[in-house]
Amino acid sequence: MVYWGPKGKTNTAHQMKHIVKIMALLVAMSALWISLLQSSKIPESYTWLLPLYFIVSLGCYGLLMVGVGLMQFPTCPHEAVLLQQDIVEAKEYLKQNGVDVGSNP
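Residues numbered from 1 in each chain as written. Predicted model: local features only at pLDDT ≥ 70, side-chain atom pairs only at ≥ 80, totals over all residues. Heavy atoms only, no water.

(A) Molecular detail of the overall build of the protein chain. What the protein chain contains, in helices and strands, is four helices and zero strands. When the helices and strands of the protein chain are listed from N to C terminus, the series reads α-α-α-α. Total accessible area computed for the protein chain in this model is approximately 9,500 Å², and 69% of it derives from carbon and sulfur atoms. (Helix = DSSP H or I, 4+ residues; strand = E, 2+ residues; numbered from the N terminus. Areas by Shrake-Rupley, 256 points an atom, 1.4 Å probe, with all protein chains shown as cover.)

Rendered as structure tokens:
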């Protein structure tokens, strides 16, 4: 994701903060995983599968966020009316210039 600052320049400081957060999270998770591998609190067969469980959980979380976003997607009736007006204007313009735009559905 690119963040645009004043005069169209990218905000690299914000991007670097985001990258540092992600890297810190990955290092912390790796340290936790390695410590679980070396300890005998969790069976080794389960510990080796933890990264796979994490990836599956992350995918489920992503799908959940997409679903919540779709359920909360706002409707904009005023914008729909403006869009229909723009379509009518575009069809009239194209007809004036000799382009066959077909009939209305």
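(B) How the structure looks around the UniProt feature "transmembrane region" (unreviewed entry) in the protein chain. The positions that UniProt labels "transmembrane region" (unreviewed entry) are, in the present scheme, residues 19–36 and 48–70. Taken end to end, residues 19–36 has its terminal C-alpha atoms 26 Å apart, with 100% of it in helix and 0% in strand. The span residues 48–70 shows a helical share of 91% and a strand share of 0%, and its end C-alpha atoms are spaced 35 Å apart. (UniProt positions renumbered as here; feature names shortened; annotations may be inferred.)

(C) Layout of the environment of M29. The residue M29 is located in helix α1 (residues 12–38) in this model. Residue classification places M29 among the partly exposed residues on the basis of a relative accessible area of 25%. Each C-alpha atom of the pair M29 and P51 lies 9.2 Å from the other, and the pair is 22 residues apart in sequence. (Buried < 20%, exposed > 50% of the residue type's maximum accessible area, 1.4 Å probe, protein only.)

(D) Fine view of a nonpolar patch on the surface. There is a patch of nonpolar side chains on the surface, built from F54, I55, L58, Y61, L64 and M65 and spanning about 620 Å² of accessible area. By the secondary structure assignment, L58 is in helix α3 (residues 50–71). (Patch = residues over 30% accessible without salt bridge, like charges linked within 9 Å, V, L, I, M, F, W, Y side chains within 5 Å. Salt bridge = Lys/Arg side-chain N within 4 Å of Asp/Glu carboxyl O.)

(E) Molecular detail of the confidence of the model for the protein chain. Model confidence for the protein chain is summarised by a mean pLDDT of 81, while 87% of its residues fall at 70 or above. Model confidence for the protein chain, summarised as mean pLDDT per element, is weakest for helix α2 (residues 44–47) at 74 and strongest for helix α4 (residues 77–96) at 91. (pLDDT = per-residue confidence, 0-100.)

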